[in-house]
Amino acid sequence: MPVLSYKYRLYPTMAQIAGFEAMLGAFCDLYNAALQQRIEAYRRAGKALRYVDQAGELKAVRAADERLAGYSFSAEQQVLRRLDKAFVAFFGRVKKGKAGFPRFRAKSMFDSAEFRVGDGLTIRKSKRLSVVGIPGEVKVKWHRDLPTFAKVGAAVLSRAAGKWFVCFQITMPDEEVQPRDGASVGLDLGLSSLIATSDGETVAAPQWTKGAAKRQRRLQRALARARRGSKRRLKAKRRLARHSAATANRRRDFLHKLSRSLVDRYAVIALEDLSVDRLTRSMLAKAVHNAAWGQLRSFLDYKAANAGVRVEAVDPRGTSQTCPECGAVVAKTLSDRTHRCACGCVMDRDVAAAKVILQRAGHGTGPGHGLRTPSQRVAA
Ligand SMILES: [Zn+2]
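Residues numbered from 1 in each chain as written. Predicted model: local features only at pLDDT ≥ 70, side-chain atom pairs only at ≥ 80, totals over all residues. Heavy atoms only, no water.

Student: Now, about the overall build of the protein: what can you tell me, with residues and values included?
Tutor: Within the protein one finds 10 helices and 14 strands. The proportion of buried residues among the 380 residues of the protein is 41%. Nonlocal contacts in the protein, meaning residues at least 24 apart in sequence, comprise 67% of its contacts between residues at least 6 apart. Surface accessibility of the protein: about 20,900 Å² in total, with carbon and sulfur atoms responsible for 53%. (Helix = DSSP H or I, 4+ residues; strand = E, 2+ residues; numbered from the N terminus. Buried < 20%, exposed > 50% of the residue type's maximum accessible area, 1.4 Å probe, protein only. Contact = heavy atoms within 4.5 Å. Areas by Shrake-Rupley, 256 points an atom, 1.4 Å probe, with all protein chains shown as cover.)

Student: So what about the packing of helix H1 (residues 14-45) against helix H4 (residues 73-96)? Which residues, and what values?
Tutor: Running from amino to carboxyl end, H1 crosses H4 at an angle of 45°, the nearest separation of the two axes being 10 Å. As far as their axial angle goes, H4 and H1 are oblique. Crossing of H1 over H4 shows right-handed handedness. Together, Phe27, Leu30, Tyr31, Ala34, Leu35 and Arg38 of H1 and Ala75, Glu76, Val79, Leu80, Arg82, Leu83, Asp84, Ala86 and Phe87 of H4 make up the contact between the two elements. Here the residues of the contact of H1 with H4 are counted per class, giving 11 nonpolar, no polar and 4 charged. (Axes fitted to C-alpha atoms, helices over the stretch in contact; angles between N-to-C directions. Parallel < 35°, antiparallel > 145°, perpendicular 65-115°, else oblique. Left-handed = near helix turned anticlockwise from the far one by under 90°. Nonpolar A, V, L, I, M, F, W, Y, C, P; charged D, E, K, R; others polar.)

Student: An account of the packing of aromatic side chains is needed here, citing residue identities and associated values.
Tutor: A complete count under the given rule lists 12 aromatic pairs for this structure. Relative to Phe101, the ring of Phe90 has its centre 5.0 Å away and its plane inclined at 75°; by these criteria the two rings are edge-to-face. You can see Phe90 sitting in helix H4 and its partner Phe101 sitting in the loop between H4 and strand S2 (112-116), a full 11 residues away along the chain. Residue Phe90 is classed as buried on the basis of its relative accessible area, which comes to 10%. The ring of Tyr51 carries the charged tip of Arg81 above its face, separated from the ring centre by 4.0 Å. Across from the ring centre of Tyr11, 6.0 Å away, lies the NZ or CZ of Lys139, which sits over that ring. (Phe/Tyr/Trp six-rings, centres within 6.5 Å; stacked < 30°, edge-to-face > 60°. Lys NZ or Arg CZ within 6 Å of the ring centre and 35° of its normal.)

Student: Any details on the pairing of strand S7 (residues 163-171)? Residues and values, ideally.
Tutor: Two elements, strand S1 (residues 3-11) and S7, share 8 bridges in a ladder whose sense is antiparallel. The residue of S7 that forms the bridge with Ser5 is Gln169. Pairing of strand S6 (residues 151-160) with S7, which is carried by 8 bridges, proceeds in the antiparallel orientation. Looking at the pairing, Ala155 lines up with Phe168 of S7. Counted along the chain from S6 to the antiparallel partner S7, the turn is 2 residues long, and its residue Ala161 has a positive phi close to 50°. (Pairing = 2+ DSSP bridges.)

Student: Help me get a handle on the sheet that holds S7, residues and values and all.
Tutor: Across the sheet, which stays open at both edges, the 5 strands sit in the order S2-S6-S7-S1-S5 with antiparallel pairing between neighbours. Strands at the two margins of the open sheet, each flanked by one partner only, are S2 and strand S5 (139-141). The sheet shows a mean angle of 30° between the axes of neighbouring strands, direction not considered.

Student: Requested: an account of the coordination of the zinc ion, with residues and values cited.
Tutor: Of the protein atoms, only Cys323 (SG), Cys326 (SG), Cys341 (SG) and Cys343 (SG) coordinate the zinc ion, at distances of 2.2 to 2.3 Å. Taken in chain order, the donor set of the zinc ion reads C-x2-C-x14-C-x1-C. You can see Cys326 sitting in the loop between strand S12 (310-314) and strand S13 (338-340) and its partner Cys341 sitting in the loop between S13 and strand S14 (346-348), a full 15 residues away along the chain. (Donors = N, O, S within 2.8 Å, 3.2 Å for Na, K, Ca; no water.)

Student: How would you summarise the pairing of S1 if you had to cite specific residues and measurements?
Tutor: Across the two faces of S1 the burial differs, with Leu4, Tyr6, Tyr8 and Leu10 buried and Val3, Ser5, Lys7, Arg9 and Tyr11 not buried at all. Where S1 and S5 come together, 3 bridges link them in antiparallel fashion. Each bridged residue has a counterpart across the sheet, and for Arg9 the counterpart in S5 is Lys141.

Student: Let's hear about H1: which residues, and what values?
Tutor: Because an α-helix completes one turn every 3.6 residues, residues spaced three or four positions apart along the sequence face the same direction. Compared with an ideal rise of 1.5 Å per residue, which puts 32 residues at 46 Å, H1 spans 46 Å between its outermost C-alpha atoms and is within 8% of the ideal. Remark: Gly46 follows H1 within two positions and exhibits a positive phi of approximately 65°. (Expected span 1.5 Å × (residues − 1).)

Student: Which residues make up the confidence of the model for the protein, and what values go with them?
Tutor: Keep in mind that low pLDDT regions are not for reading the predicted coordinates in detail. Counting all residues, the mean pLDDT for the protein is 85, and 88% of those residues have values of 70 or more. Per-residue pLDDT stays below 50 along residues 278-282; that stretch engages in 5 contacts with residues further than four places along the chain or on separate chains. Long-range and interchain partners of residues 368-380, a stretch whose pLDDT sits below 50, account for 24 contacts in this model, where long-range means more than four residues apart. (pLDDT = per-residue confidence, 0-100.)

Student: Account for the nonpolar core, naming residues and giving values.
Tutor: In this structure, Leu10, Phe20, Met23, Phe27, Phe168, Ile195 and Ile269 are the most contacted members of the largest nonpolar core, which totals 66 residues. No other element matches the 11 residues that H1 contributes to this core. Two domains each provide a minimum of three residues to this core, namely domain 1 (3-171) and domain 2 (184-379). Not counting the four nearest positions on each side in its chain, Leu10 is found in contact with Phe20, Leu129, Val138, Lys139, Val140, Leu157, Trp164, Phe165 and Val166. Of all hydrophobic cores here, the second largest spans 8 residues; its members include Cys341, Cys345, Met347 and Val351. (Core = buried A, V, L, I, M, F, W, Y, C linked by side-chain atoms within 4.5 Å. Domains from an automatic or database assignment.)

Pasting the structure below:
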């Protein structure tokens, strides 16, 4: 069953922010105390405590500590689970010979808590959140709806660069989706555009990406210039973190909309197999797009699966050098934006590549029809 994340920005009041911070502080103390207990149990008795041992004591701990008693029980269980995971990872590393013992956590770095939805954290009729131990109801920016048919399991409340978020973990129903009938499309990870389709559509990388990249470089330089341990460095670091988070959010949003529009319009989507990336890596522009491409691919995959749309990956080699009309090899340099073949076929190079990709998936018309060679994947 696929589990998806839906993340939303929260707009807590000052009192709610103070409440969140006090809660994370209490959870951080619990984490550190549980770590301390594990260390001592091992020193004194050579005994390795497990999650069940510590969770079994949680009730008594809450009875003795009214601060912890005021917050969600299951969220506190999750804190103990998190420590347990840190130990499991630690023992894994020990086996590989490179151990790093789980460390005590600083409150400033303890940035999240996990809740069971409907238990420690509830979505109210007002569309606001209530969280056990936090005053009032917290405002949420629902920039997209939670899927109505899905089961909402956990919710992670988090703090990043001074902002607050909630991320719902959604389990999609596992029913068989009937494959849909309809049009097929080939997608090329473009050189001048973000993607081009075999129908001749090109989608440019959004305008803001250029400005965002520029600002990212400027903030990185400022951070590199600031003296270690200085106040300016801390500020520069925060600014950079805030900017990176904002850019990632905008990109995710854009790619969600793009993948939704493709899945709504087509029944088969053919694209390049990313595991064959020798060629892509040699192209800088493509490398820059790659982060976005990988994300778009995963959005397409799950949206397609839910809508009965097929996604087919084909061997990407030579797609940009092949004529979709006659199959001839038409060599192009990176600066050639147009495909111009002796057979008379003239079109945008990325659109031409998208048509070849569609043909390789066994769809569309042209000389490459049926020329699908999954076995070549290994050879690449
Ligand atoms: Zn041609």
